[in-house]
Amino acid sequence: MFNVLDIRKDFPILSRKVNGKSLVYFDNAATSQTPQQVIDTIVDYYSNYNANIHRGVHTLSQEATDLYEQARHKIQAHFNAKFSHEIILTSGTTHSINLVANGFSSLLKKGDEIIVSALEHHSNIVPWQMLCERTGGILKVIPMNEDGELVMSDFDNLLSENTKLVFVNHISNALGTINPIEYIIEKAHQVGAAVLIDGAQACPHIKPDVQALDVDFYVASAHKMCGPTGVGMLYGKETWLKKLPPYQGGGEMIAEVTFEKTTYADLPHKFEAGTPNIAGGIVFGTAIDYMNSIGFDAIATYENDLLDYATEKLLAIDGLKIYGTSKNKTSVISFNLENIHPYDVGTILDKLGIAVRTGHHCAQPIMDFYKIPGTVRASFSFYNTKEEIDILVEGVRKAKMMLS
Amino acid sequence: MTIQDIQNEIIDEFSMFDDWEERYQYMIDLGKDLPLIEEQYKTESNIIKGCQSKVWVHAEMKDDKIAFTADSDAIITKGIIAILIRAFSDQHPKDIIDADTDFIDKIGLKEHLSPTRANGLVSMVKQLKMYAIAYQTQLN
């Protein structure tokens, strides 16, 4: 049974004070907080298992390797990948995207097209711009509408036999819009293009099934799913991962090395050069276990309830405008007060112990679309409460009074 | 008045406040009185990098002293820059270069001094001092 007060006991940080006030943490879309179970696994790893993996004959190394590979299996099961070697452990979503972008530089030729969406995070735009510069490829953009949704009819028109790759986030980090990725994947496959979905913002809320989606690549970060920073994953269909060249050279990724030629290791190690974030990988597995123990259906129901409650309460404030008004969205509210800079609102809220994000959220094109410098973004997680939303609403009213 | 005198005056003013709310309210009011930069100087090259809000600063030499004007699209940032300008404007370049900024800490705005802080107070101070260095070089 979902009980938020019990869940909150798992998160030690939620009981700390900030600026003399009880912390209200609404910056979950930037990073989620860490439950005790995850913290304990980190301590346990360094206390009992710390060793380098995949190469030692000694017991510690064997045990650490087993734990690391168990985590890979947990991630495989969570995302329903067909094989565990289709899960590449990376340093996070940005690393995963760059790995794919780099791989495509040997597959793309001049005039080939890559489609991205207008709702992308900067980390999702820059690697493709760099790829196009290297290969002579062309970057096309699916436009957005006033509600912060992608315009699918325009997407249909962008697709052609020149399209080689489509890249879209599952959920927009700045607005919370859930994009119609099933449709995008199906249409892209009809013209023979591969699809990479950035699930960084989706995975805290949704349990994606990569086989049901038939997606070619799917990426995520552990630190938005109650896990540690510095670790994430790339799912790639086996056929694609075999086709892509290695990203970085180093230990772990080789089978045989002479000065004449090196042969690469099999998947997944081909893409995992060097000593990985071993504790991070293991704990990623623990974080996934934790979230599944609460259950993604329960999480979605609860967070949607928080979203509806917060939307209604915030809209009752005169002069407050919400950006991103799709019916299909997760528990993210991006807003501004009329004639008040988001930075000012964020500063006052911080003094009240309320953590929100302000600025362009690394999604400047979206801010340009709305002709605003940025927004205040409050993003809710399953461990937040309606009482905390009341504190936010009161804080926004206070900020408005002080700043007007 | 010397920069030090002005800074002491600002410290005195802020010492009257009991809590952050009064301090911030005062800072917001100071922002409203900021000597506004002329529209023609609100250019891309006068924007201080490193601030989440936009900050424009313009400097002019008058009788061997530097006069600063500024503006920002965020009111709290405007208050911070107003305090800095009050301390540093209409002073000799050398005095600006030598001045320290401990008074920011003393008026309870220490949190804005962190170099990673999005408002870039550190960038603002650096920019004012850069102008002073540039004018000092001219005087030499």
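Calculation notes
Residues numbered from 1 in each chain as written. Chains lettered and ligands numbered in written order. Predicted model: local features only at pLDDT ≥ 70, side-chain atom pairs only at ≥ 80, totals over all residues. Helix = DSSP H or I, 4+ residues; strand = E, 2+ residues; numbered from the N terminus. Rg over C-alpha atoms; globule rule 2.2 N^0.38 Å. Buried ≥ 20, exposed ≤ 12 C-beta atoms within 10 Å, placed from the backbone. Contact = placed C-beta atoms within 7 Å. Axes fitted to C-alpha atoms, helices over the stretch in contact; angles between N-to-C directions. Parallel < 35°, antiparallel > 145°, perpendicular 65-115°, else oblique. Left-handed = near helix turned anticlockwise from the far one by under 90°. Nonpolar A, V, L, I, M, F, W, Y, C, P; charged D, E, K, R; others polar. Pairing = 2+ DSSP bridges. Domains from an automatic or database assignment.

Undergrad: Even after reading the chapter, I still don't get the overall build of chain B, so can you show me in this structure?
TA: Along its length, chain B carries six helices and two strands. N-terminal to C-terminal, the α/β element order of chain B is α-α-β-β-α-α-α-α. Its C-alpha radius of gyration of 14 Å places chain B within 12% of the 14 Å reference for a compact globule of 140 residues. For chain B, the C-alpha atoms occupy an extent of roughly 45 × 30 × 25 Å along the three principal directions. When the 140 residues of chain B are sorted by exposure, 37% land in the buried category. Partitioning the intrachain contacts of chain B with sequence separation of at least 6 by distance along the chain shows that 65% fall at a separation of at least 24.

Undergrad: In this structure, what is going on with the overall build of chain A? I would like to understand it.
TA: Across its full length, chain A holds 14 helices and 17 strands. Taken over C-alpha atoms, the radius of gyration comes to 22 Å for chain A, in line with the 22 Å a tight globule of 404 residues would show. Taken along its principal axes, the extent of the C-alpha atoms in chain A is 70 × 55 × 35 Å. Pairs at least 24 residues apart make up 70% of the contacts formed inside chain A by residues separated by at least 6 positions.

Undergrad: Explanation requested: the environment of Arg86 of chain B in the structure shown.
TA: With respect to the helices and strands, the residue Arg86 of chain B is situated in helix H3 (residues 75-88). Among residues more than four places away in sequence, those in contact with Arg86 of chain B are Ile6 and Ile10 of chain B.

Undergrad: I would appreciate a short explanation of the packing of helix H11 (residues 296-315) of chain A against helix H14 (residues 386-403) of chain A in the present structure.
TA: Geometrically, a packed helix pair is captured by the angle between its two axes and the distance between the axes. All names here are of chain A. The interhelical angle for the contact between H11 and H14, taken along N-to-C directions, is 25 degrees, at an axis separation of 10 Å. Classified by the interaxial angle, the pair formed by H11 and H14 is roughly parallel. Between H11 and H14 the crossing geometry is right-handed. Here H11 contributes Leu306, Tyr309, Ala310, Lys313 and Leu314 to the contact with H14, which in turn contributes Lys386, Ile389, Val393 and Val396. Residues belonging to the contact of H11 with H14 are distributed by class as follows: seven nonpolar, no polar and two charged.

Undergrad: Quick question: what am I supposed to make of the sheet that holds strand S16 (residues 357-359) of chain A here?
TA: Paired through backbone hydrogen bonds, the strands of a sheet run either parallel or antiparallel to each other. Residues and elements named next belong to chain A. Across the sheet, which stays open at both edges, the four strands sit in the order S13-S14-S17-S16 with antiparallel pairing between neighbours. The open sheet has two free edges, formed respectively by strand S13 (320-323) and S16, since each of these has just one partner strand. On average, adjacent strands in this sheet sit at an angle of 30 degrees to one another, irrespective of strand direction. Across four bridges, strand S14 (residues 332-337) lies against strand S17 (residues 375-379) in antiparallel orientation. From the neighbouring strand, Phe335 faces S17, where its bridge partner is Val376. Contacts between H11 and the sheet are confined to S13, S14 and S17, with S13 contributing the most and set at about 145 degrees to the helix. The strands touched by helix H12 (residues 342-351) are S14, S16 and S17; relative to S16, the strand with the most contacts, the crossing angle is about 155 degrees.

Undergrad: Hey, could you run me through the domain arrangement of chain A in this one?
TA: It is common to give the size of an interface as the accessible area that goes away when the parts come together. Residues and elements named next belong to chain A. You can read the domains of chain A as domain 1 (4-28 + 295-403) and domain 2 (49-293). One C-alpha centre belongs to domain 1, the other to domain 2; they are set 29 Å apart. Listing elements by their share of the side of domain 1 that touches domain 2, those giving two or more residues are H11, S14 and helix H13 (364-370). Sort the elements by how many residues they give to the side of domain 1 that touches domain 2 and H11 lands first, with four residues. Here the side of domain 1 that touches domain 2 is built from residues that sort into 10 nonpolar, 11 polar and three charged.

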